[in-house]
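Residue-level structure breakdown
Spelled out, the chains give:
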Amino acid sequence: MSKLVDIVLVGSGIISTSLAMLIHILEPEWVIHMYEKLPNVACESTNVWHNSGTGHAGYCELNYTPKLPNNDVNILNALKINKLFNISIKFWSFLAKNNILNYHNVIHNIPHISFVIGNNNANFLYKRFNKLVKYTSFNNMQYSDKFNELSKWIPLIMDGRNKSQKVAATKIINGTDVNFSEITKQILTFLRKKNNFHLHLKHDVINIINKNYYWDIYIKNNSFNYTYITPTKYVFIGCGGATLLLLQKANIINKNNYAGFPISSQFLLSTNCNIINQHWAKVYGTTINNYIPISTPHMDTRIINGKKFLLFGPFAILSTKFLRNGSYLDWFKSIKINNIKLILKTGINNIHLIRYLLNQSLMSKSNKINLLKYYYPKVNPNDWNIVNAGQRVQIMKSNSNNHNELIFGNEIVYSSNHSLTAVLGASPGASTSVSLALKLLKIMFRKYDFYQSWENKLKLILLS
Ligand SMILES: Cc1cc2nc3c(=O)[nH]c(=O)nc-3n(C[C@H](O)[C@H](O)[C@H](O)COP(=O)(O)OP(=O)(O)OC[C@H]3O[C@@H](n4cnc5c(N)ncnc54)[C@H](O)[C@@H]3O)c2cc1C
């Protein structure tokens with residue numbers, strides 16, 4: 001048998017990488033193996049072109065502050081996301097201080113703006129503003145429904161707009177654009193210099209078998225087409241959309257049943273400098289479909305390798321792949337006897353979502369431009385191209401009471417002895433990757449005496 005390693009991390013996205021970095025800080029002697037099936041790291045959802053790069057802090061995303069039946073606004077989720085994102089910022093700042101991350105290269109301050117049209121939406125936004133502005137993290141939020149002021153905040157969005165139309169916006173200047181793939185690459189460049197960290201590219205984890213006191217990880221070396229086994233004490237499945245498939249193979253006993261619902265996405269991308277230079281914000285609109293995050297259109301300034309871009313979207317597309325580089329059979333492979341009822345019931349209960357996805361999937365470029373026109377009245381279709389973005393797998397869950405849920409956040413799943421963990425779901429994943437990794441550490445290791453000293457060390461890092 002090969003030597004037992006301390007922990008195997010499957011996948012090289014931002015969540016696995018954050019976990020690897022934390023473990024290395026806490027236990028520099030531990031032997032960590034990371035397996036990635038693609039030839040490069042961070043090439044799926046974490047890739048800079050595959051997500052919106054919004055540092056989700058609850059400032060502008062209206063799906064985090066739903067309107068309640070009594071017309072009040074629930075801001076709890078926005079406050080929670082803000083706290084979680086601040087943990088990421090603290091950790092990235094710590095890495096920057098220790099020369100692991102070039103902070104200014106990967107995180108840029110860009111105003112976060114919520115923009116709405118119509119009296120009802122403006123009233124909602126004003127209520128949301130009044131509730132949030134009382135909290136320290138939101139106390140520099142501004143609200144305006146003045147045409148002239150908004151024309152300064154968001155000139156492209158206001159240019160050519162009918163002045164009699166009721167519009168309103170809130171703005172927070174310290175929002176961020178984050179290059180999650182660059183964070184991942186810089187951390188992995190640091191870790192790869194360590195003797196006990198091993199990154200294996202083009203290595204596909206094909207099975208995970210429980211051996212009671214350890215796990216056998218079955219790995220296929222894609223370059224030389226052979227399979228081998230690495231035994232490990234702990235394992236984290238961070239395969240993004242494909243996590244569900246591997247979790248099903250690991251066959252852990254869990255009180256919940258899971259199924260996946262893949263959605264791919266597209267953006268409209270402008271590379272016209274004239275237009276790009278007139279916009280400096282991440283502008284989030286109202287959700288199209290029941291506060292579902294994927295149905296929130298936004299017009300985003302992006303900074304990628306020092307260059308400015310402008311994105312609008314995302315547009316959802318029905319798909320059966322769990323990864324961009326996955327197989328069209330992924331979804332079919334994930335259907336099992338124990339989750340087929342869950343899939344059917346969730347489908348029936350969420351017909352509105354299926355209808356929305358079908359409509360989105362059938363949108364031509366000119367339909368997409370028409371939606372953009374609602375935000376940017378003077379849009380010229382020739383300035384915009386369609387680009388394919390990342391793949392999300394929304395999670396369906398049923399518990400022992402047969403209660404079915406469609407989850408839009410992340411869900412951590414773990415084995416009964418807590419030595420295997422996995423993260424399912426898509427959003428707000430990258431922005432909250434550090435707090436997700438901290439939660440994973442707690443789940444896996446809190447039963448050990450050494451965990452108290454880890455917590456003390458982590459407090460110092462996150463409070464510094
Ligand atoms: C359109 C879109 C917009 C988004 N916008 C934002 C945003 O603005 N802000 C934000 O915070 N988040 C956003 N997200 C979510 C965010 O991108 C993801 O939550 C995050 O990148 C997920 O990281 P991950 O490490 O879990 O997975 P991934 O980045 O998907 O990485 C998984 C890795 O595992 C590898 N892998 C899979 N199976 C195997 C296997 N069997 N063996 C070995 N390797 C394997 C894959 O090749 C991949 O490299 C967005 C997502 C999408 C799709």
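These figures come from a predicted structure and were not determined experimentally.

Counted under the stated rule, the structure contains 26 aromatic pairs. Ring centres 5.4 Å apart and planes at 65° place the aromatic pair W30 and F445 in the edge-to-face group. One end of the pair, W30, is in the loop between α1 (14-26) and β2 (32-35); the other, F445, is in helix α14 (residues 433-445), and 415 residues separate them in sequence. Look at F445 and you get buried, because its relative accessible area is 0%. One aromatic cluster in this structure is built from W30, Y234, F445, Y448, F450, Y451 and W454. Directly above the aromatic system of Y328 lies the positively charged group of K321, at a separation of 4.7 Å from the ring centroid. The positively charged end of K368 is found above the aromatic ring belonging to F315, 5.5 Å away from the centroid.

Turning to the site of the ligand, a few remarks are in order. Taken together, 37 residues are adjacent to the ligand, and E36, T46, T54, A426 and S431 come closest. Between the ligand and the protein, one listed contact pairs an oxygen atom with a backbone N or O atom of I15 at 3.1 Å. A distance of 3.2 Å separates an oxygen atom of the ligand from a polar atom in the backbone of S45. If the ligand stood free it would expose 1000 Å²; the protein chains cover 96% of that surface. Of all the elements in the fold, those that place two or more residues in the shell around the ligand are α1, β9 (203-210) and β16 (384-398).

For the rest of this paragraph, the subject is the sheet that holds strand β4 (residues 112-117). Strands in a sheet are paired, the pairing made by backbone hydrogen bonds, and the direction either parallel or antiparallel. The nine strands are arranged β5-β6-β4-β13-β14-β15-β12-β16-β17 in an open sheet whose pairing can be described as mixed. The sheet terminates laterally at β5 (142-144) and β17 (404-407), the two strands that pair on one side only. Ignoring which end each strand starts from, the neighbouring axes of this sheet average 25° apart. Bridge count for strand β13 (residues 282-284) against strand β14 (residues 298-304) is three bridges, and the pairing is antiparallel. Directly across from V283, in β14, lies its bridge partner M299.

The omega torsion of the bond from G313 to P314 falls at -5°, within 30 degrees of zero and hence cis. Structurally, P314 is set in strand β15 (residues 307-318). The residue N212 is not glycine, and still its phi comes out positive at about 75°. When you line up the elements, N212 lands in the loop between β9 and β10 (215-221).

Turning next to the pairing of β2. The alternating pattern of β2 places I32 and M34 on one face and H33 and Y35 on the opposite face, and all of these are buried. Sheet topology places strand β1 (residues 5-10) next to β2; four bridges connect them, and they run parallel. Across the sheet, residue I7 finds its bridge partner in β2, namely I32. Note on the crossover from β1 through α1 to β2: the handedness is right-handed.

Rules of the game
Residues numbered from 1 in each chain as written. Predicted model: local features only at pLDDT ≥ 70, side-chain atom pairs only at ≥ 80, totals over all residues. Heavy atoms only, no water. Phe/Tyr/Trp six-rings, centres within 6.5 Å; stacked < 30°, edge-to-face > 60°. Helix = DSSP H or I, 4+ residues; strand = E, 2+ residues; numbered from the N terminus. Buried < 20%, exposed > 50% of the residue type's maximum accessible area, 1.4 Å probe, protein only. Lys NZ or Arg CZ within 6 Å of the ring centre and 35° of its normal. Near = heavy atom within 4 Å. Polar contact = N/O pair within 3.5 Å; in protein donor to acceptor, adjacent residues only side chain to side chain. Areas by Shrake-Rupley, 256 points an atom, 1.4 Å probe, with all protein chains shown as cover. Pairing = 2+ DSSP bridges. Axes fitted to C-alpha atoms, helices over the stretch in contact; angles between N-to-C directions. Right-handed = clockwise from strand over helix to strand, strands pointing away.

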